[in-house]
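So the chains spell out like this:
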Amino acid sequence: MAKGLDVGTMNILSAQQDGTDTVFVQQRNSFVEIEYSDMAEQMLSRSEVLHIRKDDKVYVVGDDALNFANIFNKETRRPMKHGILSSSEKSAIPMMKLIIEQVVGEPAYRDEKLYFSTPADPIDSDLSTLYHQKTIESFLSDMGYDAEPINEGMAVVYSELADNNFTGLGISFGAGMTNICLSYYAVPVTKFSVARGGDWVDEQAAQATGTPVDKVTSIKEDEFQLDFQTDVGGVEGALSIYYENLLEYVINQIVTEVDEEDIEEGLDVPVVVTGGTSSPDGFEELFRDHLEDANIPFSISDVSHANEPLYSVARGGLVAARSDEDVDHGQEEEAEAAASE
Ligand SMILES: Nc1ncnc2c1ncn2[C@@H]1O[C@H](COP(=O)(O)OP(=O)(O)OP(=O)(O)O)[C@@H](O)[C@H]1O
Ligand SMILES: [Mg+2]
């Protein structure tokens, strides 16, 4: 056994192997604070709703937060921002702890290997990811896991580029960030993030059209396509404009950051894109078009889109954890064999 965990600004997911299947458990990284009342207590105690009570408040956490926010006419709050623990949310740590515990569950045995995703430091802001990473690591260690961080872009390479010797450029378009990693034979050569993703697209489109952000997010997730044929002046038109701007911005950062010297001579690099923000129809094509137009200082063999964009990072963490566990077992067996000689 071993587990992968994707700690994302909008979604937290675990992955583990069950025979030939990979099983995922997912929760929205969100919560709502409601006044404690008998009604709330009754509703909550009879259900499977993830919640904690503190003094005269009840916090409903994860996927149910949005439903409760609607019922009680409250706003949801988010423990993370731009890929890391939010410094402006004082309840971030207990909420994250609860969601992570629910999503990964107890370890199957003490020191079960678990790889959790962590973003690279962004090149376009001074955010540091270290505090976030160490905090998540300590939750998982307290639970009894042998927890290791894995760079989010590297997790994409583990998940999607196994057939190419874990060599290529992995890009995860998330909610709070976009993470990019160039890997050579499973060794990260260049990794960085930009502090823009789906949340940025939503905020910009909301501001431009005077629409509430939550409304923009649900339009985007429900029916939106990147076909540039619809809705000039409406929310979908604004979403298209900011989507295109995000792609151009990310590609420009790749041109600046990935140096020719990083790439072995004569090597064609495959590129794989994933993450929730890469979901709309038309995303892959738009990305490919913009990449072709850009002055990329290396040769690209192929651009592909992950089949299940929300699952790539958790799956990559699982692949890394399982191969690490195999190495450990191999060493134990060698040690045992040596001892019995
Ligand atoms: N069908 C969809 N169409 C468009 N956008 C979507 C869709 N589904 C999810 N998203 C967007 O994808 C983003 C969430 O993606 P993902 O779960 O990969 O991010 P995350 O890992 O939580 O964030 P990060 O990696 O930045 O910390 C959100 O902005 C969400 O609105
Ligand atoms: Mg992510």
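Residues take numbers from 1 onward in each chain, read along the sequence in its written order. All chains are assigned letters beginning at A, and all ligands numbers beginning at 1, according to the order in which they are written. Under the rules for a predicted model, residues below a pLDDT of 70 receive no local features and side-chain atom pairs below 80 are neither given nor counted, while totals for whole chains, interfaces and linings still include all residues.

Let us now look at the overall build of the chain. Secondary structure counts use DSSP, requiring at least four H or I residues in a row for a helix and at least two E residues in a row for a strand, with both numbered from the N terminus. Per the secondary structure count, the chain includes 10 helices and 15 strands. Only C-alpha atoms enter the radius of gyration; for comparison, a globular chain is expected to reach 2.2 Å times N to the power 0.38, where N is the number of residues. What you see for the chain is a C-alpha radius of gyration of 21 Å, in line with the 20 Å of a compact globule of 341 residues. The dimensions of the chain, computed from C-alpha atoms along their principal axes, are 65 × 65 × 40 Å. Whether two residues are in contact is decided by their C-beta atoms, placed from the backbone, lying within 7 Å. In the chain, of all internal contacts separated by at least 6 residues, the share reaching a separation of at least 24 is 68%.

Right, let's get into the domain arrangement of the chain. An automatic or database domain assignment supplies the residue ranges for each domain. Domain parsing of the chain yields domain 1 (30-77) and domain 2 (162-305). Distance between the C-alpha centres of domain 1 and domain 2: 35 Å.

Before going further, it helps to examine the nonpolar core. Any nonpolar core is a set of buried residues, restricted to Ala, Val, Leu, Ile, Met, Phe, Trp, Tyr and Cys, that join up through C-beta atoms within 7 Å. Between the buried cut of 20 or more and the exposed cut of 12 or fewer other C-beta atoms within 10 Å of a residue's own C-beta lies the partly exposed class, and all C-beta atoms are placed from the backbone. Counting residues in each nonpolar core, the largest one holds 83 residues, and the members touching the most others are Val 60, Val 61 and Leu 114. With nine residues, the single largest contributor to this core is helix α8 (residues 235-257). Of the residues that make up this core, three or more belong to each of domain 1 (30-77) and domain 2 (162-305). Residues contacting Leu 114, with those up to four places away along its chain left out, are Ala 2, Lys 3, Leu 5, Val 104, Leu 140, Tyr 145, Asp 146, Ala 147 and Ala 321.

Around ligand 1, a shell composed of 23 residues is seen, among which Gly 8, Thr 9, Gly 174, Gly 198 and Gly 276 lie nearest. Where the shell around ligand 1 is concerned, the elements lending two or more residues are α6 (198-209) and α7 (213-222). For the shell around ligand 1, the leading source of residues is α7, giving three residues. Just so you know the grouping, Ala, Val, Leu, Ile, Met, Phe, Trp, Tyr, Cys and Pro go in nonpolar, Asp, Glu, Lys and Arg go in charged, and all remaining residues, Gly too, go in polar. Taken together, the residues of the shell around ligand 1 sort by class into five nonpolar, 14 polar and four charged. In this analysis, residues qualify as near a molecule or strand once their C-beta atom, positioned from backbone atoms, comes within 6 Å of it.

Here we take up helix α4 (residues 130-143). A helix's residues, less one, multiplied by 1.5 Å, set its expected span. With 14 residues, α4 extends 20 Å between its outermost C-alpha atoms, agreeing within 8% with the 20 Å of an ideal straight helix rising 1.5 Å per residue. Buried within α4 we find His 132, Ile 136 and Leu 140. The buried residues of α4 occupy one face: seen down the axis, they fall within an arc of 60 degrees. Turned more than 90 degrees away from the buried face of α4, the exposed residues are Leu 130, Tyr 131, Lys 134, Ser 138 and Asp 142. Tucked inside the fold, the buried residues of α4 contact β1 (3-7), β8 (84-85), β9 (112-118) and β10 (145-151). Once α4 finishes, Gly 144 follows within two positions and takes phi at roughly 105 degrees, a positive value. This arc is taken over the directions from the axis of the helix to the C-beta atoms.

Across the sheet, three strands lie side by side as β4-β6-β5; this open sheet has antiparallel pairing. Both outer strands of the open sheet, β4 (31-35) and β5 (51-54), are each paired with one neighbouring strand and no more. Each neighbouring strand pair of the sheet contributes to a mean axis angle of 20 degrees, computed without reference to strand direction. Pairs of strands are assigned from DSSP output, requiring at least two bridges between the strands. Sheet topology places β4 next to strand β6 (residues 57-61); five bridges connect them, and they run antiparallel. Across the sheet, the residue bridging to Glu 33 is Tyr 59, located in β6. Sheet strands in contact with helix α3 (residues 92-104) are β4, β5 and β6, and its direction is about 45 degrees off that of β6. Fitted lines through C-alpha atoms serve as axes, helices being fitted only where they are in contact, and the angles separating the N-to-C directions of these axes extend from 0 to 180 degrees.

Attention now goes to the sheet that holds strand β15 (residues 299-305). The strand order across the open sheet formed by five strands is β13-β12-β11-β14-β15, and the pairing between neighbours is mixed. A single partner strand is all that each edge strand has here, and the edge strands are β13 (187-194) and β15. In this sheet, neighbouring strand axes are inclined to one another by 15 degrees on average, regardless of whether the strands run parallel or antiparallel. Where strand β11 (residues 168-173) and strand β12 (residues 178-184) come together, six bridges link them in antiparallel fashion. Note that in β12 the partner of Leu 169 across the bridge is Leu 182. Contacts from α8 reach β12 and β13, with the element oriented near 140 degrees to β13. Contacts from helix α9 (residues 283-293) reach β14 (268-274) and β15, with the element oriented near 165 degrees to β15.

This paragraph deals with the environment of Val 189. Position of Val 189 relative to the elements: it lies in strand β13. Residue classification places Val 189 among the partly exposed residues on the basis of 17 C-beta atoms within 10 Å. In contact with Val 189, not counting residues within four places along its chain, are Leu 182, Ser 183, Tyr 184 and Asp 262.

Take unusual backbone geometry next. Even without being glycine, His 82 reaches a positive phi, approximately 50 degrees. Of note, His 82 is situated in the loop between β7 (80-81) and β8. Using a count of 22 C-beta atoms within 10 Å as the deciding quantity, one classes His 82 as buried. Although it is not a glycine, Ala 186 sits at a positive phi angle of roughly 65 degrees. You can see Ala 186 is positioned in the loop between β12 and β13.

Turning next to the pairing of β10. The element β10 is extensively covered by neighbouring structure, given that five of its seven residues are classed as buried. Handedness of the crossover joining β9 and β10 through α4: right-handed. Seen with the strands pointing away from the viewer, any crossover whose path from the first strand over the helix to the second strand runs clockwise is right-handed.

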